[in-house]
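Notes for the structure review
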Amino acid sequence: MRTPDKVYRYILAALISIGFFALLLFLVKWAIPAENKELLYIVVGALIGAFGTIVNYEWGSSRSSS
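Residues numbered from 1 in each chain as written. Predicted model: local features only at pLDDT ≥ 70, side-chain atom pairs only at ≥ 80, totals over all residues. Heavy atoms only, no water.

Examining the overall build of the chain
The condition that has to hold: Here a helix means four or more residues in a row that DSSP labels H or I, a strand means two or more in a row labelled E, and each is numbered from the N terminus. Partly exposed describes any residue whose relative accessible area lies between the buried limit of under 20% and the exposed limit of over 50%, with all areas from a 1.4 Å probe on protein chains only and scaled to the type maximum. For the area figures, the Shrake-Rupley method with a 1.4 Å probe applies, and any residue is considered shielded solely by the protein chains shown.
Helix and strand content of the chain: 3 helices and 0 strands. In sequence order, the chain lays out its α and β elements as α-α-α. Among the 66 residues that make up the chain, the fraction classed as buried is 15%. Working note: accessible area of the chain is about 5,400 Å², and carbon and sulfur atoms make up 69% of it.

Rendered as structure tokens:
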């Protein structure tokens, strides 16, 4: 049985992944106003980093270590 901590981690990982792909779809479909581009770049960078962390943990060497 999974502990609540693991369930919360999977939920958070799913939300970050869904947010990552939803933001990418948004960027492809709609034009971004010039005054919001810098902020959007920061948000996209943070999501890419979080998504990379999730992927590295789930399929990298960290999972077998834990």
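Thoughts on helix α1 (residues 4–29)
Two residues of an α-helix separated by three or four positions point the same way, owing to the 3.6 residues in each turn. How we decide: Here the expected length of a helix is defined as 1.5 Å per residue gap, with one fewer gap than residues. We call two residues in contact whenever any of their non-hydrogen atoms come within 4.5 Å of each other.
Its 26 residues give α1 an end-to-end C-alpha distance of 37 Å, which sits within 8% of 38 Å, the value for a rise of 1.5 Å per residue. Considered for burial, the residues of α1 that qualify are Ala13, Ser17, Phe20 and Leu23. Summarising the contacts, the buried residues of α1 are in contact with α2 (37–59).

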